[in-house]
Amino acid sequence: MNGPNASDPDAPKLRLRDVRKRFGANVVLDGIGLDIAAGESMVVIGGSGTGKSVLLKCVLGLLRPDSGSIEVDGAETVGLTGRARDRVNAHIGMLFQGAALFDSLPVWENVAFGLIQGRQTSRFAARARAMDCLDQVGLRRRVADLYPAELSGGMQKRVGLARAIAAQPDIVFFDEPTTGLDPIMADVINDLIVATTKELGATALSITHDMASATKIGDRIAMLYKGRLIWVGAAKEVFDSGNAHVDQFVHGRADGPITEEAEAQAG
Amino acid sequence: MGGERGRGRKGQDGVNFLAIVGRVFLAFVLQVGRFSIFTGRAVSHMVRPPFYPRLIARQMVEIGYYSLPVVGLTTLFSGMVLALQSHTGFARFSAEGAVATVVVISLTRELGPVLAGLMVAGRIGAAMAAEIGTMRVTEQIDALSTLSTNPFKYLVAPRLIAGVTMLPLLVLVGDIIGVFGGYVIGTTKLGFNPATYIARTAEFLQVLDVVSGLIKAAVFGFVIALMGCYHGYHSRGGAQGVGAATTNAVVSASILILILNYMITELFFAQ
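As recorded by an unreviewed UniProt entry, chain A carries the name ATP-binding cassette domain-containing protein and is attributed to Roseospira marina.

Right, here's the structure in full:
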């Protein structure tokens, strides 16, 4: 536990050990353990309100877990604040669920934000890099000077993706990347996610409840249920996992152990 | 989960007065603690580089320039009504000559900073809370952190700096406009000689009258920006939460302005 070994090449890119988080009496994360290798794409699936977002926020340092360890590149990150946290987050890009674009800034400044504010790149160079990123996510250059409110949901997601990859992070998080998009646009975004992370060689951690998206962008899939990861395995095995909870979720059935347990609890 | 619920139900059955008192007290302590930490962080980022000149300038324009009409109108009519009222009041004991002095001293010491503060609290405090609150509920503040940008540095500090520097300037302009309002009424309606009125205005005015008003204004500017940022930053729960944050920002800033106004006055003028 002590003496994080940052030089260990075999250390997983991201290692979570026994991460716990509760809000009052509500236990959201109940001992999460997960290793994600460099260059791997991990998808965490689970129903709404099972704590998927809380998990991501703990890794990003937006929330502080009650206990447990989160290592990035073999170095402990729980409890880091200020500059030390910024240094870790500089390696991480994040696509937010609602894109979370800054609506007071034009599209290109949104994309270049991390470069201008975080790394003091000149505005000129940052704009050039932003243009490249917009190309990469398939947006025309004239979009660059529009404001986020003038864009459709799908375009906002693309801009969010461009912003997430602009600083060339080696870890990228995707929070429900396809929520609120039509199936075709969702698939376009999935393709972009696969393409851009591959091009960066980045490690990806996504959370979603969209199975089409999960199987497309994930190498491995983990299922979060009642604060624990009840199943972790290769993405192609998720449909015959042999776990009744996972089965119910991935096939989207109304009847099964998850609903039964919820009813038992309510009654 | 089941166990937690069971316990909650039991607590409700036995109506436990002490538990309610305890909960309210704990919530209060939590609020005070959260607010103190927020203020401490905000001030430390306000005085420490790096600064964001573009953002500070934008806030200064928003607070200083765009509040001018509101503050100008408020103080203009206050100066006018002061002249009118003090004239009818002082006429009862033949002290009409004091009108000019009363107008200038009440404006610079009290009415200028307080009225400008309350107007700006409504205008700017609400806008800050709404903007930052919306950024909170749409995860834009989280996005700032992931982009290695401190939200305190980027959002809060520029607003505080602009508030502290712009309010005194606004009040100074407001003071002048208010005195002018009194002058207009005094010379046109109340029959004062223009030269006499101006001489009377300057005669008993002390530097401390103006300076104490400007110090008040700086404090009020800080309070307005702080309340706007604090309630916006801690807003949650979508549109409704942002609405509540906006209301709380304006109400708390207004009340604090009135309380602090008394305390600063006592500090300066109580013998």
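(A) Examining the sheet that holds strand β4 (residues 67-72) of chain A more closely. Residue and element names in this part refer to chain A. One open sheet holds the four strands; their spatial order is β2-β1-β4-β5, and the pairing between them is antiparallel. The open sheet has two free edges, formed respectively by β2 (26-36) and β5 (75-76), since each of these has just one partner strand. Bridge count for strand β1 (residues 14-23) against β4 is five bridges, and the pairing is antiparallel. Its bridge partner lying in β4, arginine 17 is registered against serine 69.

(B) Region of the structure containing the pattern of salt bridges. Residues and elements named next belong to chain A. Taken as a whole and judged by the stated rule, the model has 25 salt bridges over all chains. Ionic pairing is found between aspartate 145 and arginine 127, a salt bridge with its closest N-O pair at 3.2 Å. Placement of aspartate 145 in the loop between α4 (123-136) and α5 (153-166) and of arginine 127 in helix α4 is noted, with a sequence separation of 18 residues between them. One salt-bridge network, held together by shared partners, links Asp18, Arg20, Asp30 and Arg228.

(C) Representation of the pairing of β1 of chain A in the model. Residues and elements named next belong to chain A. The sheet contact formed by β1 and β2 spans eight bridges and is antiparallel. Within β2, the residue paired with arginine 15 across the bridge is aspartate 35. Hairpin connection of β1 to β2: two residues between the antiparallel strands, including glycine 24 at a positive phi of 60 degrees.

(D) Main features of the UniProt feature "domain: ABC transporter" (unreviewed entry) in chain A. As annotated by UniProt and renumbered to match this structure, "domain: ABC transporter" (unreviewed entry) occupies residues 14-251 of chain A. Annotated as 38% helix and 26% strand, the span residues 14-251 of chain A places its first and last C-alpha atoms 29 Å apart.

(E) Main features of the pairing of strand β8 (residues 203-208) of chain A. All names here are of chain A. Counting buried positions along β8 yields six of six residues, so the element is predominantly enclosed. Here β8 shows a buried face lined by Thr203, Leu205 and Ile207 and a second buried face lined by Ala204, Ser206 and Thr208. Taken together, the five bridges between strand β3 (residues 41-45) and β8 define a ladder with parallel strand orientation. When the sheet's bridge partners are listed, methionine 42 is paired in β8 with leucine 205.

(F) How the structure looks around the side chain of serine 41 of chain A. Residue and element names in this part refer to chain A. Among the structural elements, serine 41 can be located in strand β3. With relative accessibility at 9%, the residue serine 41 sits in the buried group. At a separation of 2.5 Å, a polar atom in the side chain of serine 41 contacts the main-chain carbonyl oxygen of isoleucine 217. Serine 41 has contacts with Ala204, Ile217, Gly218, Asp219 and Arg220, leaving out every residue within four places of it along the chain.

(G) A look at the packing of helix α8 (residues 244-251) of chain A against helix α9 (residues 257-266) of chain A. All names here are of chain A. Contact geometry of α8 with α9 gives a least axis separation of 8 Å together with a crossing angle of 105 degrees. Considered as vectors, α8 and α9 are oriented roughly perpendicular to each other. Residues Ala244, His245, Gln248 and Phe249 of α8 touch α9, and the partners they reach there are Pro257, Ile258, Thr259 and Glu261.

(H) Region of interest: the side chain of lysine 13 of chain A. Residues and elements named next belong to chain A. Counting through the fold element by element, lysine 13 comes out in the segment before β1. The class of lysine 13 is buried, set by a relative accessible area of 11%. Contact partners of lysine 13, with chain neighbours within four places excluded, come to Ile36, Ala37, Ala38, Glu71, Val72, Asp73, Asp170, Ile171 and Thr203.

(I) Structural detail: the nonpolar core. Within the largest apolar cluster, 77 residues are counted, with the highest numbers of intra-cluster contacts made by Leu14, Leu16, Leu29, Val44 and Phe173 of chain A. Ignoring anything within four residues of it in the chain, the contact list for leucine 29 of chain A reads Val19, Arg20, Lys21, Gly51, Val54, Leu55, Cys58, Leu224 and Gly227 of chain A.

(J) Focus on empty space enclosed by the protein. Residue and element names in this part refer to chain B. This structure, assessed with the given rule, holds two cavities of 30 Å³ or more. By volume, the largest cavity amounts to about 40 Å³. With four residues, the top contributor of residues to the lining of the largest cavity is helix α7 (residues 151-188). When the residues that make up the lining of the largest cavity are grouped by side-chain class, the tally is seven nonpolar, one polar and one charged. Considering the residues around the second largest cavity, the lining is formed by Ile63, Val120, Ile124, Met128, Gly163, Leu167, Gly221, Ile224 and Ala225. Contributions of two or more residues to the lining of the second largest cavity are made by α5 (99-137), α7 and α9 (207-233). Of the residues contributing to the lining of the second largest cavity, the split by class is seven nonpolar, two polar and no charged.

(K) Inspection of the sheet that holds β3 of chain A at higher detail. Residues and elements named next belong to chain A. Judged by pairing direction, the sheet is mixed, and its six strands sit side by side in the order β6-β7-β8-β3-β9-β10 without closing on themselves. This sheet does not close on itself; its edge strands, each paired only once, are β6 (92-95) and β10 (228-234). Pairwise comparison of adjacent strand axes, ignoring direction, gives a mean angle of 15 degrees for this sheet. Here strand β9 (residues 220-225) runs beside β10; their pairing, made up of six bridges, is antiparallel.

(L) Structural context of the interface of chain B and chain A. Every contact between the two is made by 18 residues of chain B and, on the other side, 27 residues of chain A. Here chain B and chain A share an interface that buries about 2,100 Å² over both sides, 53% of which is from carbon and sulfur atoms. Our enumeration of links across chain B and chain A arrives at two salt bridges. Residues glutamate 139 of chain B and lysine 57 of chain A are paired through a salt bridge, measuring 3.6 Å at the closest nitrogen-oxygen approach.

(M) A look at the packing of aromatic side chains. Residues and elements named next belong to chain B. Under the criterion given, the structure shown has 14 aromatic pairs over all chains. Centroid distance phenylalanine 268 to phenylalanine 269: 6.1 Å. Interplanar angle 40 degrees. Geometry classified as tilted. On the basis of relative accessible area, phenylalanine 268 is assigned to the partly exposed category, the value being 28%. Among the aromatic residues, those joined into a cluster by ring pairs are Phe35, Phe38, Phe152, Tyr230 and Tyr233. Here the guanidinium or amino end of arginine 136 rests over the ring plane of tyrosine 233, the centre of that ring lying 4.7 Å away.

Calculation notes
Residues numbered from 1 in each chain as written. Chains lettered and ligands numbered in written order. Predicted model: local features only at pLDDT ≥ 70, side-chain atom pairs only at ≥ 80, totals over all residues. Heavy atoms only, no water. Pairing = 2+ DSSP bridges. Helix = DSSP H or I, 4+ residues; strand = E, 2+ residues; numbered from the N terminus. Salt bridge = Lys/Arg side-chain N within 4 Å of Asp/Glu carboxyl O. UniProt positions renumbered as here; feature names shortened; annotations may be inferred. Buried < 20%, exposed > 50% of the residue type's maximum accessible area, 1.4 Å probe, protein only. Polar contact = N/O pair within 3.5 Å; in protein donor to acceptor, adjacent residues only side chain to side chain. Contact = heavy atoms within 4.5 Å. Axes fitted to C-alpha atoms, helices over the stretch in contact; angles between N-to-C directions. Parallel < 35°, antiparallel > 145°, perpendicular 65-115°, else oblique. Core = buried A, V, L, I, M, F, W, Y, C linked by side-chain atoms within 4.5 Å. 1 Å grid on protein atoms, 1.4 Å probe; cavity = no way out; pocket = protein on both sides within 12 Å on 5 of 7 lines; lining within 4 Å. Points joined across faces, edges and corners; volume = space filled by probe spheres on them. Nonpolar A, V, L, I, M, F, W, Y, C, P; charged D, E, K, R; others polar. Buried area = accessible area lost by both parts, 1.4 Å probe. Phe/Tyr/Trp six-rings, centres within 6.5 Å; stacked < 30°, edge-to-face > 60°. Lys NZ or Arg CZ within 6 Å of the ring centre and 35° of its normal.

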